[in-house]
Amino acid sequence: ARGIALTEYRFPNGKRNTFTAEFGGMRLCFDGLPRPRGSASNSIGWMDNKAVLKKKLSRTGFPVAKGAAAWSEAGALRIFRRLAKPVITKPHVGSGSRHTTIHLNDKPTLLVAFRTAKAVSPFVVVEEELAGSVFRATVIDGKVVGVIRRDPPQVVGTGRSKIRTLVEKENKHPKRQGPIFHPIATGPEAEAELARQGFTWVSVPKKGQVVTLNQKINWSTGGTTKDVTDETHSENIKLFERLGTFLADPLIGIDFIMENIGKPWTEEPKCGVIEVNSLPFIDNHHLPFSGEPRNVAGALWDIVFPESKR
């Protein structure tokens, strides 16, 4: 629609998303998402490193969970002992939350979780668990262009129906038939999460009670997204944009945990930044499970090829 000629290059191993974009006599080659021409920001080399990011944000006054990164099990245990429970563990570099473990309260489960994260990362972050939902704010050229809430697979009680019945009904939702969102998975992980909450498949939750079916928020397990850009409090917008200024990068995705995005972050004691992505997955904004789609790609092209702005 903008007159940009886009070519995708596919490789046999399927490991790269390499493209060229041509407009106005200029050609740009990029992996994943395009960036404006010019030198890279100083933060591009460390913003995806959760351990380094945590240290830098904490020193600068941004809200983050208490914790640190550990190389060994002994180090992880030292961090664990001084933190309020529950805690979480995660690789210091991204793995799509697949190796993150939450709700850790004792030494045996911590060690299992540490080994899970250590399998893909030399350092493991051990930190206090924040309270609330995971929100993704995408900041382009210093401005918030979209905020979504990422929810784990879940159902809401009616006071009459069993959990299995609620899941079967939810899995008939048209958007869960692909290609983006998936049915709620009902395997061992779902059963373990139900047990953690004191439920079984035949339990009847109270009306309005939220029952989660997995600790993960991935689409593959049945997770969903909702656009909450218009609900986001102005103080939270300021925080996200201040973080964009601090990182001095034109494209960042901020993952933030809090209970109510409509309240100022200063009113929630257990909220904070959990990670920042230099290559954020912008499909979330274009294809939310519910709420208004946001043209994040358009905002990005506006700064990559300004002359193409429509």
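What counts, and where the lines are drawn
- Residues numbered from 1 in each chain as written.
- Predicted model: local features only at pLDDT ≥ 70, side-chain atom pairs only at ≥ 80, totals over all residues.
- Heavy atoms only, no water.
- Helix = DSSP H or I, 4+ residues; strand = E, 2+ residues; numbered from the N terminus.
- Rg over C-alpha atoms; globule rule 2.2 N^0.38 Å.
- Buried < 20%, exposed > 50% of the residue type's maximum accessible area, 1.4 Å probe, protein only.
- Contact = heavy atoms within 4.5 Å.
- Areas by Shrake-Rupley, 256 points an atom, 1.4 Å probe, with all protein chains shown as cover.
- Lys, Arg positive; Asp, Glu negative; His and termini not counted.
- Charge placed at Lys NZ, Arg CZ, Asp CG, Glu CD.
- Core = buried A, V, L, I, M, F, W, Y, C linked by side-chain atoms within 4.5 Å.
- Pairing = 2+ DSSP bridges.
- Axes fitted to C-alpha atoms, helices over the stretch in contact; angles between N-to-C directions.

A. Examining the overall build of the protein chain more closely. Helices and strands together make up the secondary structure of the protein chain, namely eight helices and 14 strands. Taken over C-alpha atoms, the radius of gyration comes to 21 Å for the protein chain, in line with the 19 Å a tight globule of 310 residues would show. A principal-axis box enclosing the C-alpha atoms of the protein chain has dimensions of 65 × 45 × 45 Å. In the protein chain, which comprises 310 residues, the share counted as buried stands at 48%. Restricting the contact set of the protein chain to residue pairs at least 6 apart, pairs at least 24 apart contribute 66%. Of the accessible surface of the protein chain, which amounts to about 15800 Å², a share of 52% is contributed by carbon and sulfur atoms. One way to put it: in the protein chain the 45 positive side-chain charges average out to a point 4 Å from where the 31 negative ones average out.

B. A look at the nonpolar core. If you look at the biggest cluster of nonpolar residues, it comprises 25 residues, and the most contacted ones within it are Phe240, Leu243, Ile254, Phe256, Val273 and Val276. Taken together, the elements giving at least two residues each to this core come down to helix 1 (50–60), strand 8 (133–140), strand 9 (143–151), helix 6 (234–247), strand 13 (251–258) and strand 14 (272–277). Once residues lying within four places of it in the same chain are set aside, the contact partners of Phe256 are Pro63, Ser133, Val134, Phe135, Leu239, Phe240, Trp265, Cys271, Gly272, Val273 and Ile274. Residues Ile4, Phe19, Leu28 and Ile282 belong to the second largest nonpolar core, which totals 17 residues.

C. Looking closely at the side chain of Ser43. Assignment of secondary structure puts Ser43 in the loop between strand 3 (26–31) and helix 1. When residues no more than four places from it in sequence are discounted, the contact partners of Ser43 are Leu247 and Asp249.

D. Seen up close, the sheet that holds strand 1 (residues 5–9). Judged by pairing direction, the sheet is antiparallel, and its three strands sit side by side in the order 1-2-3 without closing on themselves. Of all the strands in the sheet, just strand 1 and strand 3 have a single pairing partner and so form its edges. Across the sheet, the mean angle from the axis of one strand to that of its neighbour is 20 degrees, orientation sign disregarded. Of the strand pairs in this sheet, strand 1 and strand 2 (residues 18–23) are connected by five bridges, and their pairing is antiparallel. In the strand pairing of strand 2, Tyr9 is matched with Thr18.

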